[in-house]
Structure formats: C-alpha cells, structure tokens
There are 6 protein chains.
Amino acid sequence: MTRIAVINPNMSVGFTEKVGLQARRIVAPGTEVMALNPQFGPASIEGYYDEAFASVGLLAAMRGLEADGASGGKVSGYVVACFDDTGVDAARCLTKAPVMGLCEAALRFAAIVASRFAIVTPMAVSVRPLEHLVSKYGASSQCVVRAAGVRTLDFEGENADMAYLALKISAENCLAEDGAEAIVLGCAGMTDIADRLRAELGVPVIDGVSAAVKLIEAMGMLGLQTSKAGAYASPPVKTYDGIFAAFAPVA
Amino acid sequence: MTRIAVINPNMSVGFTEKVGLQARRIVAPGTEVMALNPQFGPASIEGYYDEAFASVGLLAAMRGLEADGASGGKVSGYVVACFDDTGVDAARCLTKAPVMGLCEAALRFAAIVASRFAIVTPMAVSVRPLEHLVSKYGASSQCVVRAAGVRTLDFEGENADMAYLALKISAENCLAEDGAEAIVLGCAGMTDIADRLRAELGVPVIDGVSAAVKLIEAMGMLGLQTSKAGAYASPPVKTYDGIFAAFAPVA
Amino acid sequence: MTRIAVINPNMSVGFTEKVGLQARRIVAPGTEVMALNPQFGPASIEGYYDEAFASVGLLAAMRGLEADGASGGKVSGYVVACFDDTGVDAARCLTKAPVMGLCEAALRFAAIVASRFAIVTPMAVSVRPLEHLVSKYGASSQCVVRAAGVRTLDFEGENADMAYLALKISAENCLAEDGAEAIVLGCAGMTDIADRLRAELGVPVIDGVSAAVKLIEAMGMLGLQTSKAGAYASPPVKTYDGIFAAFAPVA
Amino acid sequence: MTRIAVINPNMSVGFTEKVGLQARRIVAPGTEVMALNPQFGPASIEGYYDEAFASVGLLAAMRGLEADGASGGKVSGYVVACFDDTGVDAARCLTKAPVMGLCEAALRFAAIVASRFAIVTPMAVSVRPLEHLVSKYGASSQCVVRAAGVRTLDFEGENADMAYLALKISAENCLAEDGAEAIVLGCAGMTDIADRLRAELGVPVIDGVSAAVKLIEAMGMLGLQTSKAGAYASPPVKTYDGIFAAFAPVA
Amino acid sequence: MTRIAVINPNMSVGFTEKVGLQARRIVAPGTEVMALNPQFGPASIEGYYDEAFASVGLLAAMRGLEADGASGGKVSGYVVACFDDTGVDAARCLTKAPVMGLCEAALRFAAIVASRFAIVTPMAVSVRPLEHLVSKYGASSQCVVRAAGVRTLDFEGENADMAYLALKISAENCLAEDGAEAIVLGCAGMTDIADRLRAELGVPVIDGVSAAVKLIEAMGMLGLQTSKAGAYASPPVKTYDGIFAAFAPVA
Amino acid sequence: MTRIAVINPNMSVGFTEKVGLQARRIVAPGTEVMALNPQFGPASIEGYYDEAFASVGLLAAMRGLEADGASGGKVSGYVVACFDDTGVDAARCLTKAPVMGLCEAALRFAAIVASRFAIVTPMAVSVRPLEHLVSKYGASSQCVVRAAGVRTLDFEGENADMAYLALKISAENCLAEDGAEAIVLGCAGMTDIADRLRAELGVPVIDGVSAAVKLIEAMGMLGLQTSKAGAYASPPVKTYDGIFAAFAPVA
C-alpha cells in the first residue's frame, strides 16, 4: 500500500491540517496520507534563519517514521510541505523513500502547462531564496518570482481576505508585465485558494502541495527510490553531541 | 474519469503495444489508457529528419481524438511516447489537456532520486538532440547523454539480448566515469527492461513511459490544463494547402 | 557556379516572390537564386503548430532539389526563409549543402554591429519560440524579443502601413527601454522594410533574408559543407508509411 | 579594534584549535581572534545531513556572541570554518557583521591567481554539494571538484600521512587532466598542509581558512556590514517551540 | 614588508592622488603603498578604445617596478585602479605578484554583504563592458549595471556636486526597481564619496579601490602568488618592433 | 566598390602575406583587399600580454585608413586577422565600417555545418583566452578548445611539417574523444592548411581568415554598419599623453 508522509516543517498545526486535508482530497483511493509537523521549531518559515531550524525539526520527525517498528508501517514517500524546499537534500540522505519539496514539484507541473510562469510568494524576504531554488532546478529562463507583501500566517485568520487580494494583484502583474502564462503559489499555506484564483485569473494556478503529493504518490506506486550512490548516500556513522546526540547517523 | 492517450509517434505497432502494456500496468484502477500510433510516418525515430515527419503524424492522430464526437469521450491528457519529445510543443497548442513527452518526465523523476544522472540512448545520432532537450529542460549541469551504439528497433526481436548488453555496458560507464547516480532509459522501446537493469545495476533506473503516464494521470486528476495565454495558445485560424489541407487550424 | 535555393516554408506566393526578389537583389553577379515554396502546408507560420507542418513541406521541397537529375544542377546551399528557423536541423540532415535559417543568420550579423539588440516579431505567440532560438544560438545575454501585435500577413496588403507603424513603435521601445543598439526584423515578410526602418531609426536594421542569403552564398563559394559525422548525419534508411511513404530516407 | 569570531560548526575541538591557530598566525597585530565551536552537533560535516544539524549549532553559538553584554565586546566579522559554507546564508540574517564561509573565500582568491582551478575534498559525498556551491558562486566554468577518497577526520591523527598522500595524488590529477592551475583545499581540516602542498606541487594552494579570515578582517577594517535590505534581513519576530524555543528571532 | 603598487592606468594625476590617499588610509601599519600612473596614455578611460591604450601604459609602468634593481624593492601585489579591470589579465602574465582590478574586488565584497547588488557607473558607454565583466566574474544573476549619465572626470572639479547627485539618484533607482541591496561604485574616481553615499542610502556602498587594496594586501601577507601554469604564464620570449621594442618579453 | 582591410595585428610580414593571399583568393571579382600589419608591436600573439600591445598597433593602423584623404578611398569593412579577436571591441568604436575577428567568424560558420566542434590552437597558453571568447560568443555548450603544443610561428618555416602533424593529431583527438563534428583552425597562420586537413580528416575544417573575409565582404555589400548607439559609440574626445598623444580620439 502507498503511504505518504506529508511533513509541514513549521509548528503551525493549522497549516498541517490544511495541507493534510488537501493531500487526502487528491490521492487515489488506496493511498494513506499522514500529515504531521515537527515537535520543535519555528511557527512559520520566512527566510534563511527559520529554514535552518525547521530543517532539523523535519529530519527529527522523519527519523521517527523511518525507525524500525514505527507505527503504521513503512513510508512510501515524503512530501516536505514548505515552498522553500527546506531540508529536502538532507532528507533525501536519510531515507530510501523518495522525498519531494513543494517548489520543485510545482515548477515541474508549471513547465508542462506553460512556457513561462511566475511564483507569487508572501514576503519579499523569500524572493531571493526562491530565485536561488528556481536556478537550482534549472528554470531561471522561464520563471520569475514576485512577493505579495503579506505575512505567511496572514493566509490563516482574519487577514485572509486581504492576503488573498494582495496575492491576486501580484499574480495579475506577473501575467501583464512578466509574460507569465501560469501562476505558482509560493507557499504551502495557500493550498486552499488555488481553485478560486484559477477561476478568477483564467490561467493555470499550480499548488505545490497537490503537485508534490501526486508526484510522490506516483513514485511510490512505481517503486522508485532515492539513489544511495552519490550525494544522497546515507550519512556516514558518527557521534553527535549535546541536544542533537539522539540524531547521530547510525549504520 | 481519467482517460489518457498514449501516442507512439512512429509506425511500429510493436512499440505501441509495448508502451500501452506498460501504461496499463501502472495506472490507477479508474484510469483508462488508449495506446495508438499515427496512420502515417516513419517506422522509428532516429534523428531530426524522422522527428519532423513523426510530429505531423502525432498531431493528426491527436486531432482525431480532440474532434467533437470522438469515440470514448474527452481525453484527460496525452503522453507522447517518444524520448525525443517529438512534437510536444506543437501538441500543447492543439489541446487544453496536458501533454507530456518521455524525456521531460524522466528527467524530472531522475532529479528527485539522484543529484546527477545519465541518459543512455540507442544511437549516437540522438546524443546531440537529447543534449539540446536536456538544456531546454534546465538539467545540463546534472545530466550526461551516452549512446549504446545500437538501433532503436534492435530492442524488439532477435537482437534484443545484444542490445540490452550494449545498453548495460553504456550505463555502467556512466556510473563509473560520469558520476551518474541513476540511469534514464533514452528510448520508449526500452520500457520493459527497466526492472531488470535496476536489479543488475543497483541504482534507480527511470523509464520515461512510466514517468510520463503517471505525471499525466496526476495532472488529469488535479484538473490542470495547458495555458492558452502564451506560447501554447491555439494556432490562429488559417488555410493549409495540399495534403495538409485537412489539418488547418479551426476556431 | 553558386546556386542558392531560398525556400519559403509557407504557402504564400507573395512571400516567396518578395524574398526571392530581395535575394536576387543582393547576390554577386555569378550567383543563381531559386525561390520556391512547398507544394503543401500552412499559409503562414505563427507558432509551434504551423511550424510542424511547414517543416515537412520544406523537406519535401528539398528532396526534389536534391534528387539526381533535378533541373538546374546541384544546389550550393539552402536558405530556409522563415524567421523561426523551421525545420533547419532536419534539413541539415538531408543534404551536404549548407542550410541556414533567418534567425541564426540575423543574430550573427547583429552581434557584429551591436553589443545588444532586439528582435521585433509580429505576433506575441512567437515570442517564446524565438527566445528559445536565441538561447539555442547562445545570444540570450544580448538579445530581447518583442512583439508588435500584428499578424504576419498584415505586411502584405492593405494593412501594411499600420503593420509598419506598429513595428516601428515596438522597435523604438526596444531602443529606449531595453538598451538595444540595433533591430532585427523577426519575420521574412519584412524584408522590404529594412531600409526604411534603418533610415527612420538611425541604427542598424538587420533583415534575416539578406543575412542568410549572403552567408549561404559565402559558404557555397568557400565549399563548406555540412558535417555528416554527428547530429546532421544522413537519416538512417527505413520505411515511412501512408502519405509520407515517398519521403522515407534512402541510402 | 577588529575582533573576528572563527566558528568551526562541527564538534571537533582539534579542528577548532587548528583553525584558530592558523587564524591567529595570519591576522594583523591589532586583530583579536576567537575560535570556538557549537555546544551541540555533529563530530564532522560530511554531506547534507550533517550540514543541517551543524547549521543550528553555528547559529546558536553566534547568538551568544551577538547578545548584549557578551564577553569581549562586539564581533567585527564571522568566519564559518567549514568548506561547505554551512549555514552562512542564515548566519548573515542574524548579524550586521559580515559573515564568510571558506568555500566562497577560497574561490575568490583562487580566481585572482589562476584562470582555472580545482577543489580537492576528502569524501566523494561532498562533490555534488560543493559543485552546487561553485555554481552558486558563479565559478562553474573555471573550477572542478575532485574527491581524494579519505574521511575528513583522517587529517587529524595516525592516518594523516596517508590522507595527505591521497590528497596530493588527487591534486596532481587535477593539474594534469583538468587543466587546473591552482589547488583549493576543500576542507577546513587541511589548513596546516597548504604550505607543504604548495612547495611540492609548484602551483598556488589556497587554504579557505586563511582566505576567509583575511577577507573578514579586511571587511571589518573597512566597516562593511551586511545589508538588511533584502535576503539577509533580520528574521521576522516569531515564536519557536520545543528545544528551539530559546532561538526564536527577537526584535 | 608588504608593498602594494596602486596603478591608475589613466593620466589623471588627480585620480592617482585620490586613490593613493584612500589606499594609504586603509592599509595596515606596516604596509607601504605606491600610487602611480603610466607615463603615456589617455586622460580617462571611457569605453573599449581608451582601455586598449591604457593597458599598454599600465604594463609599461609595471615593467619598471618589476625590473631588477627597481627602487624600493619587490612589489608584493598590484592594484589596477580602474573599474574596467583594464589590462588585468595581461598584467597577471607579467609578474608573480597577485594583481587585482577594482571591479572583481568590489563584486566579491558586494556578494558577501548582499544577495543582489548594482554597479552605478558614470557613462552609458561603460554599461555593456561592465556587464561583460560581471558575466566573466560569474555574478550576472545577482548584479545589474546602471549609468548615472555623467562624465568620469566630473567627479573631480566644479561639477562634482551635480555628478554626486546624479549618481545618488541612479543608485536609488537600483534599490527601488532592481532589488539591489547594496551599491557598488563603478569608477575609481568615486572612492571618496562612498561614506557619504552609504550614510544617505542606508545600505552598504562598496568602493573598489578599498576592496582591491585590502584584498591585495591580504594576499601579499599570505604569500599567494599568480600561477604560472596556465593562462597567466609569463609571455614567451619574442621581439617587439617600433615604439614597443622595449616592451618585448624577456626570459 | 567593396574594399576590405585585412589587418594582421602582429609584425610577421609572412603572416600578412599569407592572409592577404587567402583573402584575395576568395573574394568576389569586384572586391579590393588590402592586407597590412601595424608599424609597431609583437612578432606574434601568444597570450594576454602580446594581445595588449598588438591591440594598439591595430588601432593605429586603422586610424591611418580611416583618416580623411587616406589613399584608396573608404574602407567597407575590417578583418582583424588574429584568432584571439585582439582589439576587435575597441576597433568597432573607431569606425562605422563593420569589424570582424577570426574567432567569431569561424565559430559562426562552424555552427552552421556542425552541432559540435573544436578549436585546435597552437599553444596551451591560448586555451583559456579562447575559451573565454567561446563563452563570450555563446558557444560554450558546443565547442571545446585543444592545444597542439607547437608555437604559432612554427607554421611558417622548417618546422611546418611537424606543426601540421601535431595539429592533425590534436584534431583527431577532438573528433574521437570530444564528439567534435568539425574542426576550427585556431590561428590565422594556419589558413593555408585548411584544405589539406579537410581532405585528410573527412570533416569540415573552418579557416577563420576565409570566414571573416567573406562575412565582412557580405556586410559591406549589404551596407551594414556598426551601431554608434551603445558600447561601440565613438570614443569621447579627450587628450592622450606621451607616445600615445597622436592617438587621442577626435570629434
């Protein structure tokens, strides 16, 4: 049976529920979805500093799922439910199951339905890190990044309407000025507004949660696993000290 | 219901059956697969000249499926079952359904399970066109292309063992000399040897047919459609003359 | 004797005459120019779909000229008189004579007279395919592409004045906003307006027809031929079926 | 007074002492050097997994130095004494003082004394992450990465001679086969072998510790500080939970 | 003792004094600074033509300093005090001492304190040559170039206030429209306005003179020398004729 | 009448005669060829140092030809007959006539007849400067550079046979190991061996002298001139001092 772990690397239970809901809505009948977040870390991920801490929380959560005898059986694949692809490279070292971040997944889907597209993200501080991801994934010549000027957490709560409006205006500018033919939602917390935005803009709107979950489900069904022959090899055995002692790589 | 058309753009019925078989083996229970090939064109696709003719056959076949009243109902998505991604850009103009080639799909899956990988293709004449595709898809820094030195059709028939062996040696060289951590099969006709090669090499082996079918199935389930706002807009209405008269774009 | 075949890959006899006229105007005294178009295909080329059909028409026309006993003797070189460089790679496989598209030729001339330049093309749908060509030819860092917002055929007929004006405004924007120092005409059908635009803008205006014809004439005089050692090798012998049966590669 | 904090992000006190020694050996008379390592984390950094944990230890150590009333006064600049530039982007968000990793510093110095150079690193698992850094720093066209096939900690202890020899052979191959004109030592732990290798190879050998310390010293003397106007802005205030609660960004 | 030669490759004694003053202001106590300019050449460097002549003047001046018995002893390192990095590659062939241009130095410092930055240069004619340098140094994805629309020599004399204002406006546009987080001064003659501009803009302002001098001082202290194993090898012995006879390479 | 000045920027009269001979052999009947070299400068160009001096000699020679009343009338276009494209950018500033270097011309012709090719150059010291040119011209993905290990002047004199053999072996390695489909001769002094090498290797061999002369002849016939709107604008008026006083830009 295909069993997908969707890990929101920040501490927002609201986010975790939202992405879990979306994931369950789109998987095939036989696929089981676990949605969880780390037991420690930042309330949200906005820039490099938050990312560093969230990565460790993510890896800790994965170690629990990978451990022998973990409840529920072996995980077929992991989705890191953050658009910064926080900790994905490290996560790929930790498991044979395929691991996918939202940005990589969304860029792949966008490139199939559009020759040029735009990521719209909440805060300006994320623009450069996302551009670096876009470059890493080889999509610089077809993707621009714009910020809507709102906080990530604004999409959950009383400011949600205002946040949606700011996002929509930013997306419209991408279509009008950057030649974008499709919009990529640059934050896991926007997963529930994709349909509305698609209807209002009249172009494809790609939600990274949906894209990553379907990709990981597909890879799990095909039995594709992470290569251990290179950069994603299991970490060499060694000791870790202090509060990280329990996270040392083991054989 | 999800309904995938897998179109082999060459005239080899053996290829068409092989890719259809593989596609049906991996789709979810509710997904219908149609496997077909054009009614005219080259016996196989080996280089730019064959590609030009195969593209037209592909588009003609798609027009039949897109036509109002086509038997079986609307197609959710198309797989162009050729590793050269023959005609994919033109095909995206012809339909709102998502269209996927094998190379693009396989590269995306490879990048998830390996930081560096190699395409192994039958003939040397395909190396440069494939490198151009790799560049188009932004993967030049992590993917090399090698040729096994056999003909595409050798994978069907009495030379199949020899062809497999040549391919395996080429793949081993990629692992040993190019730093590849995974192997991508550079031809639709190899779809049935992926499992054997994976077992013998001990690294992930990505088959483009499987990758593209699962991606298109996923996109169909999510309702993602090709943007008509840019390069993939429907072709402007005009007349076509001579043997192509029937293929003119219509409103 | 140098003998150049200028093939307009669309069915517009007006275009064919226009480019033939320009070609004959600029070749050296001893050079013979043949201007022709295919016997089947689209009325104009606007985007990927038209390109696919036009490529086959082009190749069919070339086969006639390459055949033993073709009237007029051996062709020294081919110009594909379309700014999308439609079918050029396939055409290079079909003959030893050098083959040149308008875009490649124009970009080379532009780079000699300007450090930064712009392509102005009729329709927005061509922008992305042209950008992909610009990237293929290694000129992305010095060339932008803008669309004038008119149809290709508007340059022939009662809308010609309006089309010229739209083009000129677009070119002026490239000079003012993009830092362009020269303008490349992004359509074969504009070959007759280069002089006027150059006079009015005061910067070099490059017409792809002229550039390609002179380049191919030069290569013919030097005896340079297409390498058959790699990607442009003659297509392997095989059968083609149906309406394409006559176009199968032969030894 | 210029005051440099050299932070070895792994837990090896031997490494910390070694890099501190080298730093003190090369700074100007008035410059104070603090060499320290985190209070928790991995014994060494070999790949993405170790990096994730080491980054947090680094940031925690920096917070202590940045705190009001930290012993010794304000830090003028930080060197992250790891060749993977672990956590450097996050560290730049945490302080106004300039922050420098060894890889970035060494590549800059190498480019001044050689047109092409090579990084020699201990383990193969580091090759791809380092290549990604080389690309991030824009040096892909002039720098290759090779692994010597030894463990990082082998450079401290009874295997040190063997490790040196393996490294030297790897460096010689870079000179002979890759066209390298200079060698970059791809690990902080090699800082004490630069002189010997330079003497034996006859080409410049760049040690990242020395390069980064001198760069940061220079920037401190010039009063250059990290821009807070973009990607390195201070992290927005928010709560962190669990074992990371104390590391939450504050105003 | 560290002994730095700062060579202004143009004939402006005012420039030479200005950069010498700045260099002496920032070096460590034991470092000696020589500031000089060639004995022949252009009054300022504005574009490729001036550069060609200034390069020869630079090399002639260096030959004097490199000669056995040159007054003052061996030079530890050279700064070419021009933002076009005029003649730097040739200069590296002429000496074992490290040689540094202002542009390369400033870009390296900028990348440490900002993820994206802008060069502001006096004249539009310098924009493209500087962009080519930015590309050569691998910084194209993070650096834009803007011209203030003033002459280089305007920064010395009665127009200095106007020149400063034009520069500041240009810098502000880079911050507002290009996403720059720091400003690089694109001309040696601006070395004395860095502090004022930094104070008024509130972001890091990088002066190439300071950056290059500190880098070369650091390299001199570390004993790093230019590799003679490749592109910077000493020029092969041969004769030079005419007015250049005295500049022929000797063994 | 078309009047081409072919300037060999080194002092070898033998080279000048050789390239003049080749140029006259290939131009159209009405085209006049002037072959000349500077009145001062290096005997040959091997690396950056020689280039700097040769550039000034080239510009001085051009000034003579550009001067009002220069014997023979206006020059239609210039060929800089050196494969390093020495001084071409500066030369483009000095005249409205188009200016072409051998490397740029040869790369353009090579890309028409081959998808991948190689430059074979005499000395190793030229490899990196040529690679930088290849990158500047956007051909890095399809062109490699190899050195034959001989001196440039060896192609004229008693060592000519040995030099030819070394070059041929180097070219064969490019075909066998680098996937080259055509060979570019990386030195003006090889212009007379192109035919022999082509016959012996069986692939296209491109001689830069022929390519540049035909390109400049073509541009002269078309009346294309260098844009003065950007990087190639005429140099601003100013004084030059000392031995360069006579070369100052004038209005």
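Residues numbered from 1 in each chain as written. Chains lettered and ligands numbered in written order. Predicted model: local features only at pLDDT ≥ 70, side-chain atom pairs only at ≥ 80, totals over all residues. Heavy atoms only, no water.

We apply this condition: UniProt positions are given in the numbering used here, feature names are shortened, and annotations may be inferred rather than shown by experiment.
An unreviewed UniProt entry annotates chain A as Asp/Glu/hydantoin racemase of Thalassospira permensis NBRC 106175. According to the UniProt record, the Sequence similarities (unreviewed entry) comment for chain A is "Belongs to the HyuE racemase family."

**Points about the interface of chain D and chain A**
The condition is simple: Residue contacts follow a heavy-atom distance rule, with two residues in contact if any of their heavy atoms lie within 4.5 Å. Buried surface area refers to the total accessible area, computed with a probe of radius 1.4 Å, that the two partners give up upon joining, counted for both partners together. Note on definitions: salt bridges are taken to be side-chain nitrogens of Lys or Arg within 4 Å of carboxyl oxygens of Asp or Glu.
Listed by partner, the interface residues are 46 residues for chain D and 45 residues for chain A. A per-residue breakdown of the area chain D buries against chain A is headed by D:Tyr48, D:Tyr49 and D:Phe53, which together make up 20% of the total. Counting across the chain D and chain A interface gives four salt bridges. For D:Glu46, the salt bridge identified is with A:Lys238, shortest N-O distance 2.8 Å.

**A closer look at the relation of the copies chain C and chain F**
For clarity, the threshold we go by: A least-squares fit on C-alpha atoms brings the copies together, and the residues used are those whose pLDDT is at least 70 in both copies.
Overlay of chain C on chain F (RMSD 0.0 Å): rotation 180 degrees, translation along the axis 0.0 Å. In symmetry terms, the pair is related by a two-fold rotation axis. Scanning chain C for the C-alpha nearest the rotation axis identifies C:Gly138, at a separation of 2.0 Å. Both copies present the same face, since 100% of the interface residues in chain C are matched by interface residues at the equivalent positions in chain F.

**Overview of the pattern of salt bridges**
Residue and element names in this part refer to chain B. We count it as follows: Helix and strand definitions here come from DSSP, where helices need a minimum of 4 consecutive H or I residues and strands a minimum of 2 consecutive E residues; each element is numbered from the N-terminal end. Each residue is placed in one exposure class: buried if its accessible area under a 1.4 Å probe, protein chains only, is under 20% of its type's maximum, exposed if it is over 50%, and partly exposed if it falls in between.
Using the criterion set out here, one finds 90 salt bridges over all chains in the structure. Between Arg 151 and Glu 46 there is a salt bridge, and its shortest N-O distance comes to 2.9 Å. In this pair, Arg 151 sits in the loop between β7 (143-147) and α6 (160-177) while Glu 46 sits in the loop between β3 (41-42) and α2 (48-66), placing the two residues 105 residues apart along the sequence. Taking the relative accessible area as the measure of exposure, Arg 151 reaches 31% and is therefore partly exposed.

**Quick word on helix α2 (residues 48-66) of chain F**
Inclusion rule: By definition here, a helix of n residues has an expected span of 1.5 Å times n minus one.
Here α2(F) is 19 residues long and its end C-alpha atoms lie 27 Å apart, about the 27 Å a rise of 1.5 Å per residue gives. α2(F) sits mainly inside the fold: 16 of its 19 residues count as buried.

**Observations concerning unusual backbone geometry**
Positive phi values are uncommon outside glycine, yet B:Asp85 reaches one of about 50 degrees. With respect to the element layout, B:Asp85 can be found in the loop between β4 (77-80) and α3 (88-94).

**Concerning the interface of chain C and chain F**
In plain terms, the rule: Under this definition, polar contacts are N or O atom pairs within 3.5 Å; protein pairs additionally need one hydrogen-donor-capable and one acceptor-capable atom, and for neighbouring residues in sequence, both atoms have to be side-chain atoms. Under the convention adopted here, Pro, Cys and the residues Ala, Val, Leu, Ile, Met, Phe, Trp and Tyr are nonpolar, Asp, Glu, Lys and Arg are charged, and Gly plus all remaining residues are polar.
Opposite the 38 residues of chain C that make contact, chain F presents 38 residues. Counting across the interface, chain C meets chain F through zero salt bridges. The interface formed by chain C and chain F holds eight residue pairs in polar contact (both at pLDDT 80 or more) in total. Elements that contribute at least two residues to the side of chain C that touches chain F include exactly β5 (99-101), α4 (102-113), β9 (205-207) and α8 (208-222) of chain C. It is α8(C) that provides the largest number of residues to the side of chain C that touches chain F, a total of eight residues. Taken together, the residues of the side of chain C that touches chain F sort by class into 24 nonpolar, eight polar and six charged.

**Focus on the side chain of A:Glu46**
For A:Glu46, a relative accessible area of 2% gives the class buried. In this structure the side chain of A:Glu46 is engaged in a polar contact, spanning 2.7 Å, whose partner is the side chain of D:Lys238. In this view, A:Glu46 contacts A:Met123, A:Val125, A:Arg151, A:Thr152, D:Pro236 and D:Lys238; residues no more than four positions away in its chain are not counted.

**Quick notes on the domain arrangement of chain A**
Residue and element names in this part refer to chain A. We count it as follows: Segmentation into domains, and thus their bounds, comes from an automatic or database assignment.
Each domain of chain A was delimited in the assignment, giving domain 1 (3-102 + 210-247) and domain 2 (103-207). In this structure, domain 1 and domain 2 have C-alpha centres spaced 22 Å apart. Taken together, the contact pairs 28 residues of domain 1 with 30 residues of domain 2. In this structure, the salt-bridge partner of Lys 18 is Asp 192, at a minimum N-O distance of 3.7 Å. The interface formed by domain 1 and domain 2 includes 12 residue pairs in polar contact (both at pLDDT 80 or more). At six residues, the largest contribution of residues to the side of domain 1 that touches domain 2 is made by helix α1 (residues 13-26). Within the side of domain 1 that touches domain 2, the residues separate by chemical class into 13 nonpolar, seven polar and eight charged.

**Describing the state of the cysteines**
Here, the word disulfide means a covalent bond between the sulfur atoms of two cysteines. Applied cut-off: By convention in this document, the label disulfide applies to cysteine sulfur atom pairs within 2.5 Å.
On inspection of all chains with the given rule, the structure shows zero disulfides over all chains. Cysteine A:Cys174 is unpaired, with the sulfur of A:Cys143 as its nearest cysteine sulfur at 8.9 Å. What makes A:Cys174 buried here is its relative accessible area of 0%. Not part of a disulfide, E:Cys93 finds its nearest cysteine sulfur in F:Cys82, a span of 14 Å.

**Re the pairing of strand β6 (residues 117-121) of chain A**
Residues and elements named next belong to chain A. We apply this condition: Here the rule is simple: two strands pair whenever DSSP picks up at least two bridges between them. Whether a crossover is right-handed comes down to one check: with the strands pointing away from the viewer, does the path from the first strand over the helix to the second run clockwise; if it does, it is right-handed.
Of all five residues in β6, five are buried, a share of seventy percent or more. In β6, alternate side chains face the same way, and those of Phe 117, Ile 119 and Thr 121 on one face and Ala 118 and Val 120 on the other are all buried. Looking at chain direction, β6 and strand β7 (residues 143-147) are connected through five bridges and run parallel. Following the sheet pairing, Val 120 is matched in β7 by Arg 146. Crossover handedness for the path β6 to helix α5 (residues 127-136) to β7: right-handed. Pairing between β6 and strand β8 (residues 182-185): four bridges, direction parallel. Its bridge partner lying in β8, Val 120 is registered against Leu 185.

**Digging into the packing of helix α4 (residues 102-113) of chain E against helix α8 (residues 208-222) of chain E**
All names here are of chain E. The condition is simple: Structural elements are reduced to axes, namely lines fitted to C-alpha atoms, with helices fitted over the stretch in contact, and the angle between N-to-C directions of any two is expressed from 0 to 180 degrees. If an angle is under 35 degrees, it is roughly parallel; if it is over 145, roughly antiparallel; if it lies from 65 to 115, roughly perpendicular; otherwise it is oblique.
Where α4 meets α8, the closest approach of the two axes is 8 Å, and the angle between their N-to-C directions is 90 degrees. Viewed along their axes, α4 and α8 adopt a mutual orientation that is roughly perpendicular. In contact with Leu 102, Ala 105, Ala 106 and Phe 109 of α4, α8 contributes Gly 208, Val 209, Ala 211, Ala 212 and Leu 215. Of the residues belonging to the contact of α4 with α8, the class tally is eight nonpolar, one polar and no charged.

**Points about the pairing of strand β2 (residues 32-36) of chain F**
Residues and elements named next belong to chain F. For strand β1 (residues 3-7) and β2, the ladder comprises five bridges, and the chain directions are parallel. Residue pairing for β2: Arg 3 is matched across the bridge by Glu 32. With helix α1 (residues 13-26) bridging β1 and the parallel β2, this β-α-β connection has right-handed handedness.

**So, the environment of D:Ala148**
As for its position among the elements, D:Ala148 is in the loop between β7 (143-147) and α6 (160-177). Beyond its immediate stretch of four places on either side in the chain, D:Ala148 contacts D:Val120, D:Thr121, D:Pro122, D:Ala166, D:Leu167 and D:Ser170.

**Re the environment of B:Ala248**
All names here are of chain B. Within the secondary structure, Ala 248 is located in the segment after β10 (240-241). The buried category is assigned to Ala 248, whose relative accessible area is 11%. Separated by 38 residues in the primary sequence, Ala 248 and Ser 210 place their C-alpha atoms 33 Å from one another. Look past the residues within four positions of Ala 248 in its chain and what remains in contact with it is Arg 63, Lys 238, Thr 239 and Tyr 240.

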